[in-house]
Amino acid sequence: MTEPLGGAGGIGGPPVRIGAFAPLSRPGWVGAGRHLLAGLELAVREVNDGGGVVGRPLELVVRDTAADPQRAVAAVDELAGLGVVALAGEYHSVVGREVAARADALGLPFLCSSAVLDGLTEQPTEWVARVAPAQSHGWRIYADFLLGAGHRRIAVAVEPSVYWAAGVGILRDYLAPRGGTVVEFDMRALAPTAVCDELVEKGATALLLLVGNPEPAVSIVKAVRRDRRLAEVMIGAPAGQPEFAEWVTLLGGDGAGIPFLRYLPERLGPLGVRVEAALRERLGEAPSFVAFEGYDTVAVLADVLRSDGVDRARIAESWPHVAVEGTRGLIRFSRTPGINVWQWAWPPVQVADRDPAAPGRFRILR
């Protein structure tokens, strides 16, 4: 368990505590968790340097979910007992869904940073809001990018998961009426090298990685890149694996030229530029969109706490009235068809890849 983070300086009174979730150990996506936490922590420190909220310091009480839904649910109960006024964070959709359900049951506000599953809750709730886009929004943009690039027969290397299954469904529903087909490769039954034979047999021109990171994603990329029969096959990663520096460390040039989704504008505004510099210093590398999501989450919560106080019910009642300038645009929440939580509709969405000529540099493709 991580100790509370404050940085309150001379602000008086007991801290206002926010529970924060991030995958900080395996099998969670640790790189994403580290960036998410960096964004959350930076925003908390800036809030406290600016005088805190309601005259009190803001304190982040962090729990490592390790991508384990049941571990996260237990942490929700623990944090509720510790008196947190709200919950924030989480990257993995399968974890975010359980956190949202438990927060709803307990009457505890939850502002979800990065989990994108459309069905974050099964029933409409007033307690949960989200700054990340819904999966269907981003993945339809990605599917349209595939069609625009001339791909009609698309293979997906997929592992069992509610998130991956939802992704396959979104792709099928979007591509089928437009002349596209989706072929599934069950990675429980196939070795990475066997994927290559399947690609040749099925005649797919694109392979999407709907699998865990770094494995088996890295091994699949290496196998496909080394197979001369597949020189013209595009590898794609709508879930964003190439966003993080670890991708280049593990794959080098093989990790370039793989289009993925990221939730950033083409150009950051003044706030985004300032936060980017601070995050880069904190992380020791370029911040991902996930770090910005973390920062924006605390920016919203701090604004709500300043205007509406620390009562849990009043925080939840404030979601439809939020209008906060975040690092990536003006954040407002609304009710969106098919989404049962208060949703920012929408954060900016890019399809990008790493430049084969310089894998440390990103190219915006759409």
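The paragraphs below set out a description of the structure included in this document. (Residues numbered from 1 in each chain as written. Predicted model: local features only at pLDDT ≥ 70, side-chain atom pairs only at ≥ 80, totals over all residues. Heavy atoms only, no water.)

## Let's talk about unusual backbone geometry
Only a minority of non-glycine residues have a phi that is not negative, and only a minority of peptide bonds are not trans.
Next up, step 1: Cis peptide bonds are those with omega within 30 degrees of zero, and the linkage from R26 to P27 qualifies with 10°.
Next up, step 2: Here P27 lies in the loop between β1 (16-22) and α1 (30-49).
Next up, step 3: One non-glycine residue, E90, lies in the positive phi region at around 75°. (Helix = DSSP H or I, 4+ residues; strand = E, 2+ residues; numbered from the N terminus.)

## Considerations on the sheet that holds strand β16 (residues 358-364)
Next up, step 1: Read from one edge of the open sheet, three strands run β10-β15-β16, paired in antiparallel fashion. Each end of this open sheet is capped by a strand with a single partner; those strands are β10 (260-262) and β16. Ignoring which end each strand starts from, the neighbouring axes of this sheet average 45° apart.
Next up, step 2: The sheet contact formed by β10 and strand β15 (residues 350-355) spans three bridges and is antiparallel. The residue of β15 that forms the bridge with F260 is A352.
Next up, step 3: The sheet contacts of helix α4 (residues 135-148) involve β10 and β15, and relative to β10 the element is tilted by about 140°. (Pairing = 2+ DSSP bridges. Axes fitted to C-alpha atoms, helices over the stretch in contact; angles between N-to-C directions. Contact = heavy atoms within 4.5 Å.)

## Things to note about the pairing of strand β6 (residues 153-158)
Next up, step 1: Within β6, five of the six residues are buried, which leaves it mostly tucked inside the rest of the structure.
Next up, step 2: For β6 and strand β7 (residues 181-186), the ladder comprises six bridges, and the chain directions are parallel. Looking across to β7, one finds that R153 is bridged to T181.
Next up, step 3: Crossover β6 to β7 through helix α5 (residues 162-175) is right-handed.
Next up, step 4: Looking at chain direction, β6 and strand β8 (residues 206-210) are connected through five bridges and run parallel. Pairing of A157 across the sheet is with L209, part of β8. (Buried < 20%, exposed > 50% of the residue type's maximum accessible area, 1.4 Å probe, protein only. Right-handed = clockwise from strand over helix to strand, strands pointing away.)

## So, the sheet that holds strand β3 (residues 86-89)
Next up, step 1: Pairing is mixed in the open sheet, where seven strands are placed in the order β2-β1-β3-β4-β5-β14-β13. A single partner strand is all that each edge strand has here, and the edge strands are β2 (58-64) and β13 (333-334).
Next up, step 2: Note that strand β5 (residues 128-130) and strand β14 (residues 342-344) share two bridges and pair parallel. Residue pairing across strands places R130 opposite Q343, the latter belonging to β14.
Next up, step 3: Across the sheet, α1 lies against β1, β2 and β3, angled at about 165° from β2, the strand it touches most.

## Some remarks on the pattern of salt bridges
Next up, step 1: Considering all chains together, one arrives at 23 salt bridges under this definition.
Next up, step 2: Among the salt bridges present, the one from R229 reaches D197, with a minimum N-O distance of 2.8 Å. With a gap of 32 residues between them, R229 in the loop between α7 (217-225) and β9 (234-236) and D197 in helix α6 (residues 192-202) connect regions that are remote in the sequence.
Next up, step 3: Overall, R229 belongs to the partly exposed group, its relative accessible area being 47%.
Next up, step 4: For D197, a relative accessible area of 42% puts it in the partly exposed group.
Next up, step 5: Between D227 and R229 there is a salt bridge whose closest N-O contact spans 2.8 Å.
Next up, step 6: Via salt bridges that share partners, D197, D227 and R229 belong to a single interconnected network. (Salt bridge = Lys/Arg side-chain N within 4 Å of Asp/Glu carboxyl O.)

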